[in-house]
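As a plain string of letters, each chain reads:
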Amino acid sequence: MAQPSTSAPPAPDTSDRPLPPDRRSLAPDLARGIMLLLIALAHAHLFTLFIGGTEVTTTLLDRIATGGTVMFVDLRAYPMFAALFGYGLAQIHRRRTEQGHEWRLTRGLLRRRGLWLVVFGVAHAALLFFGDILGVYGIVALLFVGVLRFRDRTLVILALVWLPLAAAAHALLAAGDAVTGQSTLLMPDGFVNELLFRLTFYSVLVVLMFLSTVVPFLVGVLAARHRVLERPQEHLRLLRATAFVGVPLAVLGGLPLALTKVGVWTDPTPLDVLIISPLHQVTGYAGGLGYAALIALIATRLNASRGPVTNALSALGQRSMTFYLAQSVAWTVLFSSYTLHLQLTSPVVAVGIAVAVWAVTVVLADLMRRRGRRGPAETVLRRLTYGPTR
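Residues numbered from 1 in each chain as written. Predicted model: local features only at pLDDT ≥ 70, side-chain atom pairs only at ≥ 80, totals over all residues. Heavy atoms only, no water.

**Let's talk about the overall build of the chain**
Okay, step 1: The number of helices and strands found in the chain is 13 helices and zero strands.
Okay, step 2: Order of helices (α) and strands (β) in the chain, N terminus to C terminus: α-α-α-α-α-α-α-α-α-α-α-α-α.
Okay, step 3: The burial tally for the chain puts 54% of its 390 residues in the buried class.
Okay, step 4: The long-range fraction of contacts in the chain, counting pairs at least 24 apart against all pairs at least 6 apart in sequence, stands at 85%.
Okay, step 5: Only carbon and sulfur atoms are counted for the fraction: they give 67% of the accessible area of the chain, which is about 16,600 Å². (Helix = DSSP H or I, 4+ residues; strand = E, 2+ residues; numbered from the N terminus. Buried < 20%, exposed > 50% of the residue type's maximum accessible area, 1.4 Å probe, protein only. Contact = heavy atoms within 4.5 Å. Areas by Shrake-Rupley, 256 points an atom, 1.4 Å probe, with all protein chains shown as cover.)

Following this line, the structure appears as structure tokens:
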């Protein structure tokens, strides 16, 4: 079975009420906008597996693309988005508490939001992309909404207890691949066959994604409680330490797996595989949080004088759910057997396609910003969660 690590979907924008751009904190939106690029890279790389059947070819550029994806993208961007989802849920809780809403009502609203995310996610997985994360976010919201009232210490303890579960899941997956000698499945042809493949694969993948989401989700809740991204200038020491330790740690932790993927380490034993897979996954948490911290540091410098590029990336982040789904539409058009059915066998070509798709979404998001239009997916989710606007 293929590693789920290449799927790095984003956290939807979960602020309680849409705020004007000049009142929104730049860091979360900028992070979502930039990390949608990593999502595109991860997903395009995944299609080289499910269409081409291999991650690597004999060319040097393809080896570089594969190794770079493993060390900088796979399970590196994903934890950041899970943390942003937790951050957003905690923001809703805080704002509604400040407005005087009872916990019972807030809990019901967040669970209703989670339920609709599950519906969105299952439909997305069935019709467009098997690596959906929206449904996983919905399950986390349904099961873990109570942690929003936990003390900081309890959140930390729960994250530390959960961390070995997530690592063990990836170790078992790697062990299964090592025993069977099968690391991926090829996408079948035909609309019905692809639909059944997506649903079958998603039913397994959603469990692994859920186990991998909880830890960064809890970290995001803790960060929101202290407004780390909303007031980054008050947490510069923490952000610098997280960025300049977390990102290098993730790169080093991903290096052993990358060496096996590019064919440099040709004879890893089953025990080696059992070690390097959870190492890759656990250090990915550090990398994802490091990326978030690094972007927050950049946002502190850009906030005072936002240029057109910053505004465009922020606009994309504000509509992250819409353009996350839009990316999946692009993959379906490009790669499905009943559409263009492109044969994606080169990791370098996958990188080029990913960057191009992401660039188009940046332009579209900026056009929507200029015209004052919100993301349609965010609008629908909000209406379903809160009811008709009066």
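Structure's up, so let's keep going.
**Notes on the pattern of salt bridges**
Okay, step 1: Summed over the entire model, instances satisfying the criterion amount to eight salt bridges.
Okay, step 2: Residue R104 pairs with E102 through a salt bridge whose shortest N-O separation is 3.4 Å.
Okay, step 3: Looking at E102, the relative accessible area reads 45%, which means it is partly exposed.
Okay, step 4: Put simply, D366 and R369 hold a salt bridge, and the shortest N to O gap is 2.8 Å. Of the two residues, D366 and R369 are both situated in helix α12 (residues 347-370); the distance of three residues between them amounts to about one turn of the helix.
Okay, step 5: You can call R369 partly exposed: its relative accessible area is 28%.
Okay, step 6: Each of D366, R369 and R370 takes part in one network of salt bridges that share partners. (Salt bridge = Lys/Arg side-chain N within 4 Å of Asp/Glu carboxyl O.)

**Some words on the confidence of the model for the chain**
Any residue range with low pLDDT should be treated as having predicted coordinates unsuitable for detailed reading.
Okay, step 1: Per-chain confidence: the chain averages 87 in pLDDT, with 89% of residues scoring 70 or above.
Okay, step 2: The model gives residues 1-17 a pLDDT under 50, and that stretch makes 94 contacts with residues more than four places away or in other chains. (pLDDT = per-residue confidence, 0-100.)

**A word on the packing of helix α1 (residues 26-50) against helix α3 (residues 77-98)**
Okay, step 1: Relative orientation of the contacting elements α1 and α3 amounts to 145°, with a least axis distance of 10 Å. Our pair here, α1 against α3, has a crossing hand that is left-handed. Residues P28, A31, R32, M35, L36, L38 and I39 of α1 pack against A77, M80, F81 and L84 of α3.
Okay, step 2: In the contact of α1 with α3, the residues fall into ten nonpolar, no polar and one charged. (Axes fitted to C-alpha atoms, helices over the stretch in contact; angles between N-to-C directions. Left-handed = near helix turned anticlockwise from the far one by under 90°. Nonpolar A, V, L, I, M, F, W, Y, C, P; charged D, E, K, R; others polar.)

**Some remarks on helix α9 (residues 270-302)**
Residue pairs spaced three or four apart in an α-helix point in one direction, given the helix's 3.6 residues per turn.
Okay, step 1: Along its 33 residues, α9 runs 47 Å from first to last C-alpha, staying within 8% of the 48 Å computed at 1.5 Å per residue.
Okay, step 2: At G284, α9 shows its strongest bend, of approximately 25°. (Expected span 1.5 Å × (residues − 1). Bend = angle between axes of the 7 residues up to and from the residue.)

**What to know about the packing of aromatic side chains**
Aromatic rings in a pair are described by how distant their centres are and how their planes are angled relative to each other.
Okay, step 1: All chains considered together, the criterion is met by 15 aromatic pairs.
Okay, step 2: For the ring pair F144 and F210, a centre distance of 6.1 Å and an interplane angle of 45° mean the geometry is tilted. Of this pair, F144 sits in helix α5 (residues 134-144) while F210 sits in helix α7 (residues 191-225), and the two are 66 residues apart along the sequence. Judged on exposure class, the residue F144 and its partner F210 are both buried.
Okay, step 3: In textbook terms, an aromatic cluster arises when at least three aromatic residues are bridged by ring pairs, as seen for F47, F129, F130, F197, F201, W331 and F335. (Phe/Tyr/Trp six-rings, centres within 6.5 Å; stacked < 30°, edge-to-face > 60°.)

**A closer look at the nonpolar core**
Okay, step 1: Among the nonpolar cores identified, the biggest contains 106 residues, and F217 and W331 are the most heavily contacted of them.
Okay, step 2: Examining the composition of this core, we find that 16 residues originate from one element, α1, more than from any other.
Okay, step 3: Dropping the residues within four chain positions of it, F217 is found in contact with A82, A83, F85, G86, L89, V140, F144 and V147. (Core = buried A, V, L, I, M, F, W, Y, C linked by side-chain atoms within 4.5 Å.)

**Some thoughts on a nonpolar patch on the surface**
Okay, step 1: Residues L127, F191, V192, L196 and Y338 make up a contiguous nonpolar surface patch of about 470 Å² in total accessible area.
Okay, step 2: As for its placement among the helices and strands, L196 is situated in helix α7.
Okay, step 3: Overall, L196 belongs to the partly exposed group, its relative accessible area being 47%. (Patch = residues over 30% accessible without salt bridge, like charges linked within 9 Å, V, L, I, M, F, W, Y side chains within 5 Å.)

**Here's the deal with helix α8 (residues 236-261)**
Okay, step 1: The first and last C-alpha atoms of α8 sit 37 Å apart over 26 residues, in line with the 38 Å expected at 1.5 Å per residue.
Okay, step 2: At L255, α8 shows its strongest bend, of approximately 40°, with the proline P256 following within four residues.
Okay, step 3: For α8, every residue scored as buried is listed here: L239, A243, G246, V247, A250, V251, G253, G254, P256, L257 and A258.
Okay, step 4: For α8, the secondary structure elements touched by its buried residues are α2 (60-72) and α9.
Okay, step 5: Just beyond α8, the residue with positive phi is G263, at close to 85°.

**Comments concerning unusual backbone geometry**
Okay, step 1: Not every positive phi belongs to a glycine, and R227 is a case in point at roughly 55°.
Okay, step 2: Tracing the chain through its elements places R227 in the loop between α7 and α8.
Okay, step 3: One non-glycine residue, H341, lies in positive phi territory at about 55°.
Okay, step 4: Relative to the helices and strands, H341 resides in the loop between α11 (320-335) and α12.

**Regarding the packing of α7 against α9**
Okay, step 1: Direction vectors running N to C along α7 and α9 enclose 35°, while the axes themselves pass 11 Å from each other. Note that α7 runs across α9; the crossing there is right-handed. Across from L211, S212, V215, P216 and V219 in α7, the residues of α9 making contact are Q281, Y285 and L289.

**Structural notes on the environment of L211**
Okay, step 1: By the element assignment, L211 lies in helix α7.
Okay, step 2: Taking the C-alpha atoms as reference points, L211 and A168, separated by 43 residues in sequence, lie 9.7 Å from one another.

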